[in-house]
Amino acid sequence: MSQKINLSNRLKKVALFLPKGANFADIGSDHAYLPCYVCRQDRVAKAIAGEVNVGPFNSAKTTVQAYQLSDKIDVRLGDGLQVIEKGEVKQIVIAGMGGPLIQSILENGKDKLQHVEQIIAQPNVDARGVRKWLMAHNFQLTDEELVEENGHFYEIINATKRHDNSLLNRWTEKELLFGPFLLAKQTSDFYRKWQHEMEKMTRVINQMKQATIRDEKKITEFERELSWIKEVMNDGN
Ligand code: SAM
């Protein structure tokens, strides 16, 4: 197929984090658009497209065949990192899922990460949990991007394997909430995202305070986060 692959801006940003000649697994690949886009642009790149559901797995196979990329992209049916062998890939992409699901895929497939040098994660929610998991498992956060698409803001986290002699950056809880690199970049999208989150959190706290049984611990936790958001928003003005 000669037609261009119409990749979303979100996945284009994910693709930009991959090195030239990548040998990667895209877990939860759906239509396999990301591996097809990368492998069409980069002659030496190769990929495994992993899918747990038969429908998206078949869609992925169809796309790969249509673009005549079957020699570079292997589409595999299976849960999370079960589709890869130890040492088979150097990079892992997990995009477009909730943070808790990304964490459980990584946790359940920990034994496959020994030779993986880079993880690119794009959680739809709870990016903080993913950052914490990566740091706790020897992956250093090295960069982040924020992309807006159809009214949603998506955080993309790039992490690389920490070798014994490299310094471990220890981020504060506040930095982990915003994303240390996103906090440093403070783009206009960043302020728009956190303006939206600030309004949402204010509403949630008000509702929690009106509940018959108040969860004081949760209220305190949310109020602390809200105060960080206000601080960051004020710094930007
Ligand atoms: N990665 C693509 C993207 O970012 O646009 C597709 C995202 S789609 C919302 C999530 C995909 O992950 C679905 O196709 C789903 O079947 C797949 N998925 C969910 N859990 C999975 C798991 N444990 N292992 C592999 N794939 C999974």
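What you see is a predicted model; the values in this text were computed from it and never measured.

**Some points on the nonpolar core**
Working step 1: Counting residues in hydrophobic clusters, the biggest one holds 30 residues, and the most contacted among them are F24, L34, C36, V38, I73 and V93.
Working step 2: Residue contributions to this core peak at five residues, all from helix 2 (residues 33-41).
Working step 3: Not counting residues up to four positions away in its chain, the partners in contact with C36 are I5, T63, V64, Y67, L69 and I73.
Working step 4: Residues V130, W133, I157 and L176 belong to the second largest nonpolar core, which totals 27 residues.

**Structural notes on the pattern of salt bridges**
Working step 1: Going through the model one piece at a time under the given rule, you end up with 21 salt bridges.
Working step 2: For the salt bridge of E155 with K193, the shortest nitrogen-to-oxygen distance reads 3.5 Å. Within this pair, whereas E155 is found in strand 7 (residues 152-161), its partner K193 is found in helix 8 (residues 188-210), the two being separated by 38 residues in sequence. As far as burial versus exposure is concerned, E155 and K193 are alike and both buried.

**Observations concerning the site of the ligand**
Working step 1: Near the ligand lie 17 residues; those nearest to it are R10, G28, E51, D79 and G80.
Working step 2: Taking G28, its main chain carries an N or O atom lying 2.7 Å from a nitrogen atom of the ligand.
Working step 3: Taking N53, its side chain carries an N or O atom lying 2.8 Å from an oxygen atom of the ligand.
Working step 4: When the ligand is considered free in solution it has 590 Å² of accessible area, and contact with the protein chains removes 79% of it.
Working step 5: Mapped by element, the contributors of at least two residues to the shell around the ligand are helix 1 (9-16), strand 4 (91-97) and helix 4 (99-108).
Working step 6: Among the elements that line the shell around the ligand, the one with the most residues is strand 4, at three residues.
Working step 7: Of the residues assigned to the shell around the ligand, the class counts are eight nonpolar, five polar and four charged.

**Describing helix 3 (residues 54-66)**
Working step 1: Here helix 3 is 13 residues long and its end C-alpha atoms lie 18 Å apart, about the 18 Å a rise of 1.5 Å per residue gives.
Working step 2: For helix 3, the set of buried residues is F57, A60, T63 and V64. Seen end-on, helix 3 carries its buried residues on one side only, within an arc spanning 125 degrees. What points out from helix 3, more than 90 degrees from its buried face, is the exposed set T62 and Q65.
Working step 3: Q68, located one to two residues past helix 3, shows a positive phi value of around 50 degrees.

**Concerning the sheet that holds strand 1 (residues 23-27)**
Working step 1: Overall, mixed pairing links the seven strands, which are arranged 3-2-1-4-5-7-6 in an open sheet. Looking along the sheet, the strands with just one partner apiece sit at the ends: strand 3 (73-77) and strand 6 (139-149). When the angles between neighbouring strand axes are averaged without regard to direction, this sheet yields 15 degrees.
Working step 2: In the packing of helix 4 onto the sheet, contacts are made with strand 1, strand 4 and strand 5 (118-123), and the angle to strand 4 comes to roughly 150 degrees.

**So, helix 2**
Working step 1: All buried positions along helix 2 are accounted for by L34, P35, C36, Y37, V38 and C39.
Working step 2: Check the buried side of helix 2 and you find it contacts helix 1, strand 1, strand 2 (46-51), helix 3, strand 3 and strand 4.

**So, the packing of helix 8 against helix 9 (residues 216-235)**
Working step 1: Contact geometry for helix 8 and helix 9: axes closest at 10 Å, N-to-C directions at 150 degrees. Considering their axes alone, helix 8 and helix 9 lie roughly antiparallel with respect to each other. The crossing of helix 8 and helix 9 is left-handed. Contacts between helix 8 and helix 9 involve F190, Y191, W194, Q195, M198, M201, T202, V204, I205, M208 and K209 on the former and, on the latter, K218, I219, F222, E223, E225, L226, I229, K230, V232 and M233.

Definitions and cut-offs
Residues numbered from 1 in each chain as written. Predicted model: local features only at pLDDT ≥ 70, side-chain atom pairs only at ≥ 80, totals over all residues. Heavy atoms only, no water. Core = buried A, V, L, I, M, F, W, Y, C linked by side-chain atoms within 4.5 Å. Buried < 20%, exposed > 50% of the residue type's maximum accessible area, 1.4 Å probe, protein only. Helix = DSSP H or I, 4+ residues; strand = E, 2+ residues; numbered from the N terminus. Contact = heavy atoms within 4.5 Å. Salt bridge = Lys/Arg side-chain N within 4 Å of Asp/Glu carboxyl O. Near = heavy atom within 4 Å. Polar contact = N/O pair within 3.5 Å; in protein donor to acceptor, adjacent residues only side chain to side chain. Areas by Shrake-Rupley, 256 points an atom, 1.4 Å probe, with all protein chains shown as cover. Nonpolar A, V, L, I, M, F, W, Y, C, P; charged D, E, K, R; others polar. Expected span 1.5 Å × (residues − 1). Arc of directions from axis to C-beta. Pairing = 2+ DSSP bridges. Axes fitted to C-alpha atoms, helices over the stretch in contact; angles between N-to-C directions. Parallel < 35°, antiparallel > 145°, perpendicular 65-115°, else oblique. Left-handed = near helix turned anticlockwise from the far one by under 90°.

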